[in-house]
Amino acid sequence: QHLVTTGSLQLAIMSAELQWAIVRKNNRFLNKNLCGAREEIDTHPLNVSGKNSFSSNGLVNSKAVGVSAGAKSGVVFTVKRPSKTRNPKSTTAQVKLFRGARPTYASIRSQTAGNYY
């Protein structure tokens, strides 16, 4: 077991696989179909695909990306920062994009391409 000491607190570090084993079947963002279909939809803001899978889950992965509509106009691009996982308040960084469809798409593609999101 790995422990991180911050001041007088000792915090245990859990791997992403262990976290996924805990939240895989039950979490706040999981919507199960009551009609009997086996597909489960994940509505977490950092899950772009909506699949309930380890690779696209924004809760357990250290790197995640989210895209949502802005309050009045534009798009809000959210990135989860791996270096800030111990401080939940500053874990995500948000950028408002409102220049147009093509520049917005180009800026999102430039931030995510090659970064293994």
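The preceding data block contains the structure.
Residues numbered from 1 in each chain as written. Predicted model: local features only at pLDDT ≥ 70, side-chain atom pairs only at ≥ 80, totals over all residues. Heavy atoms only, no water.

Student: Would you mind going over the pairing of strand S5 (residues 64-69) with me for this structure?
Tutor: Look at any regular strand and the pattern is simple: side chains alternate between the two faces of the sheet. Direction of pairing for S5 relative to strand S6 (residues 75-80): antiparallel, over a ladder of six bridges. The residue of S6 that forms the bridge with Val67 is Phe77. The turn linking S5 back onto S6 is made up of five residues, and Gly74 within it adopts a positive phi angle of 85°. (Pairing = 2+ DSSP bridges. Helix = DSSP H or I, 4+ residues; strand = E, 2+ residues; numbered from the N terminus.)

Student: Can you help me understand the environment of Glu40 in this one?
Tutor: With respect to the helices, strands and loops of the structure, Glu40 is situated in strand S4 (residues 40-42). Measuring from C-alpha to C-alpha, the distance between Glu40 and Gly50 comes to 8.6 Å, with 10 residues separating the pair along the chain. Ignoring anything within four residues of it in the chain, the contact list for Glu40 reads Leu30, Asn31, Lys32, Gly50 and Asn52. In this structure the side chain of Glu40 is engaged in a polar contact, spanning 2.9 Å, whose partner is the side chain of Asn52. (Contact = heavy atoms within 4.5 Å. Polar contact = N/O pair within 3.5 Å; in protein donor to acceptor, adjacent residues only side chain to side chain.)

Student: Help me understand the sheet that holds strand S7 (residues 92-97), please; the structure alone is not making it clear to me.
Tutor: Hydrogen bonds along the backbone pair up the strands of a sheet, which may run parallel or antiparallel. Strand order across the open sheet formed by three strands is S5-S6-S7, with antiparallel pairing between neighbours. At either margin of the open sheet sits one strand with a lone partner, and together these are S5 and S7. Going from strand to strand, the sheet's axes swing by 20° on average, the running direction of each strand aside. Docked against the sheet, helix H2 (residues 101-112) engages S5, S6 and S7, running at close to 5° with respect to S6. (Axes fitted to C-alpha atoms, helices over the stretch in contact; angles between N-to-C directions.)

Student: Quick question: what am I supposed to make of the side chain of Asp42 here?
Tutor: The topology assignment puts Asp42 in strand S4. Although Asp42 lies buried, it forms no salt bridge, and the closest oppositely charged side chain, Arg28, sits 8.8 Å away as judged by the N-O distance. Looking at Asp42, its side chain comes within polar contact range of the main-chain nitrogen of His44, at 3.3 Å. With residues up to four places along the chain from it excluded, the contact list for Asp42 reads Phe29, Leu30, Asn47, Gly50, Lys51, Asn52 and Asn57. (Buried < 20%, exposed > 50% of the residue type's maximum accessible area, 1.4 Å probe, protein only. Lys, Arg positive; Asp, Glu negative; His and termini not counted. Salt bridge = Lys/Arg side-chain N within 4 Å of Asp/Glu carboxyl O.)

Student: Any chance you could explain the layout of surface pockets here in plain terms?
Tutor: The method is simple in principle: a probe with the dimensions of a water molecule rolls over the atoms, and the space it marks as empty is what remains. Each pocket or cavity is described by its volume, and for the largest pocket that value is around 410 Å³. Surrounding the largest pocket, 20 residues form its lining, Gln19, Leu59, Val60, Lys80 and Thr85 being those nearest its centre. Broken down by class, the residue content of the lining of the largest pocket amounts to nine nonpolar, nine polar and two charged. The volume enclosed by the second largest pocket comes to roughly 220 Å³. Surrounding the second largest pocket, 14 residues form its lining, Leu46, Ser55, Ser56, Val65 and Tyr117 being those nearest its centre. Taken together, the residues that form the lining of the second largest pocket break down as six nonpolar, seven polar and one charged. (1 Å grid on protein atoms, 1.4 Å probe; cavity = no way out; pocket = protein on both sides within 12 Å on 5 of 7 lines; lining within 4 Å. Points joined across faces, edges and corners; volume = space filled by probe spheres on them. Nonpolar A, V, L, I, M, F, W, Y, C, P; charged D, E, K, R; others polar.)

Student: Quick question: what am I supposed to make of H2 here?
Tutor: It helps to recall that an α-helix has 3.6 residues per turn; residues three or four apart then point in one direction. The terminal C-alpha atoms of H2 lie 17 Å apart, and with 12 residues this matches the ideal 16 Å at 1.5 Å per residue to within 8%. Along H2, the residues classified as buried are Thr104, Ser107 and Ile108. Down the axis of H2, the sector holding all buried residues measures 95°, keeping them to one side. Relative to its buried face, H2 has exposed residues pointing more than 90 degrees away, namely Arg102, Tyr105 and Ser110. (Expected span 1.5 Å × (residues − 1). Arc of directions from axis to C-beta.)

Fair warning: the whole summary comes from geometry, so function is off the table for now.
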